[in-house]
Amino acid sequence: MSSTVPSPFARLRGLRPDWLGDPRVWRTEVLAGLVVALALIPEAISFSVITGVDPATGLFTSFTMAVTIAVVGGRRAMVSAATGAVALVIAPLNREHGLGYLLAGVVLAGLFQIALGALGVAKLMRFVPRSVMVGFVNALAVLVFMAQVPEVRNVPWAVYPLIAGGLVLLVLLPRISTVVPAPLVSVVVLTLVTVGAGIAVPTVGDKGELPSSLPVPGLPDVPFTLDTLTTVAPYAFAAALVGLMESLMTARLVDDITDTPSSKTRESIGQGIANIVTGLCGGMGGCAVVGQTMMNVKVSGARTRLSTFLSGVFLLVLCIAFGPVVSEIPMAALVAVMVMVSVATFDWHSVAPGTLKRMPAGEIAVMVVTVACVVATHNLAIGVVVGSVTAMAVFARRVAHRTEVTAVTAPDGTSVVYRVTGELFFASSNELTGQFDYASDPDEVVIDLSSAHVWDASSVAALDAIEAKYAQRGKKVGITGLNPSSAHLHARLSGELVGHG
């Protein structure tokens, strides 16, 4: 009789990465990593300018974030690097106190993220409704597109045909073959055209000097005192929250695109570890980069950690070993790629006339508010928070209006039964007290809550107020039909919500 227990070798085979043993997957992941690395370079340099540090700092940040999160993150194929959202939050530390405080803030932000991840902050993602998620995706697409606008202002006329040619390649090549990612072909072709023809257009090298050596790990050069902690902590905590929110939203987006699950808790802790490593290596901190993640997952078809890891490795190799070559890449090529990313990312179905006709007005309003806030602030986290709060307000208003009160008076006129239907909470209970006829009702009043649910103290206070109004007129009120949880809350709070002087 053969044993069904797997051998140690079988167990090891089960632990192999997805890309081992399949040349097609390996090729897709490697080429996707190369394309993403090319796209990370100009953004990393731009975010360095925002933060007020050398371009090499932003590039090192993207390298350490991508390589570390590929190992410890909870979402495969998602790319983390230097981001504008974190740069905006952490930049004041560098401007007002110097680079040492900036690096200390990045390390502390990582510690905060680990703590928040361990406390289960990722579970809050369940409270982000679909309309906010759609708004997040569409706002992201708009931001990616808007980020390309400065690259087409006050530039030589040759930039425009180059962008058009890049877009044509990006649209047509996937219909012919997907062996090599279209973005990579487009970048190579446009670079050869500009260099070969001697066309003078803005290049990656114009964005800043590329690094020539590896980052050297070390502790931030700050005094380890309570004063330093109080200075750094507010910025670090803000960066931790912004980074986590953007990363978790991106992870959820990739979950939907790939139809695969991810560990949000592991991703939260992984972001913290990546930021600690980045801060100790002289980086300015970061989080998930949505545009490059969409390029990796949606455009290039990557699905494993290998593409994320290689995007960081290729980034450093390109900058250090092939800096002169990378410097010659025309910005027009990267603009064309990012425009296609924005078009592919935008949820066009969500704004189709047929969809808008079927969608409730409140859902559309939430989506629009989310997009508007993100575009206005250039901060995805702010848009998500405002959109979620708006969605909660819309939901509360909708549910509150579904609460009904109907009165049935006994044939002999000695009693009246008020049947309450719906959810009783702060939004609906405020109007509850005005739906009873205190003066004309008989002496015996019954409030039937068998078709209702009491959710909060506001509802209990409203019921107490109704009883008090009837008691002032010498009438007795009986409350019946409370389900177990409503009865428990009512018994615990009734009569305890008004202070006595």
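A.B. asks: Looking at this model, I keep getting lost on the sheet that holds strand β6 (residues 476-480). Mind explaining?
C.D. replies: Within a sheet, each strand pairs with its neighbour through backbone hydrogen bonds, oriented either parallel or antiparallel. Read across the sheet, four strands follow the order β3-β4-β5-β6 without closing on themselves; strand pairing throughout is mixed. Strand pairing shows two members of the sheet lacking a second neighbour, β3 (404-409) and β6, which therefore form its edges. Direction aside, neighbouring strands of the sheet carry axes that sit 20° apart on average. Two strands pair when backbone bridges link them, and strand β4 (residues 415-424) and strand β5 (residues 444-454) are joined in this way by nine bridges, in the parallel orientation. Bridged to Leu424 within β5 is Val454.

A.B. asks: Please clarify how the confidence of the model for the protein chain should be interpreted in this entry.
C.D. replies: Low pLDDT marks stretches whose predicted atomic positions should not be read closely. Here the protein chain shows a mean pLDDT of 86. Residues at 70 or above account for 94%. Element-level pLDDT for the protein chain is lowest in helix α1 (residues 8-14), with a mean of 47, against a maximum mean of 96 in helix α10 (residues 264-280).

A.B. asks: How should a nonpolar patch on the surface be read in this particular structure?
C.D. replies: A contiguous nonpolar surface patch, about 340 Å² in accessible area, is contributed by Val343, Trp348, Val351 and Leu356. With respect to the secondary-structure elements, Trp348 resides in the loop between α14 (331-345) and α15 (353-358).

A.B. asks: Would you take a moment to explain the packing of helix α3 (residues 55-72) against helix α12 (residues 305-320) for this structure?
C.D. replies: A pair of packed helices can be characterised by two numbers: the angle between their axes and the separation between those axes. With their axes 8 Å apart at the nearest point, α3 and α12 run at an angle of 155° to one another. Compared by their axis directions, α3 and α12 come out roughly antiparallel. The hand of the α3/α12 crossing is left-handed. Touching Leu59, Phe60, Ser62, Phe63, Ala66, Val67, Ile69, Ala70 and Val71 of α3 are Arg305, Thr308, Phe309, Ser311, Gly312, Val313, Leu315, Leu316 and Cys319, all from α12. Taken together, the residues of the contact of α3 with α12 sort by class into 13 nonpolar, four polar and one charged.

Reading the values: the criteria
Residues numbered from 1 in each chain as written. Predicted model: local features only at pLDDT ≥ 70, side-chain atom pairs only at ≥ 80, totals over all residues. Heavy atoms only, no water. Pairing = 2+ DSSP bridges. Helix = DSSP H or I, 4+ residues; strand = E, 2+ residues; numbered from the N terminus. Axes fitted to C-alpha atoms, helices over the stretch in contact; angles between N-to-C directions. pLDDT = per-residue confidence, 0-100. Patch = residues over 30% accessible without salt bridge, like charges linked within 9 Å, V, L, I, M, F, W, Y side chains within 5 Å. Areas by Shrake-Rupley, 256 points an atom, 1.4 Å probe, with all protein chains shown as cover. Salt bridge = Lys/Arg side-chain N within 4 Å of Asp/Glu carboxyl O. Parallel < 35°, antiparallel > 145°, perpendicular 65-115°, else oblique. Left-handed = near helix turned anticlockwise from the far one by under 90°. Contact = heavy atoms within 4.5 Å. Nonpolar A, V, L, I, M, F, W, Y, C, P; charged D, E, K, R; others polar.

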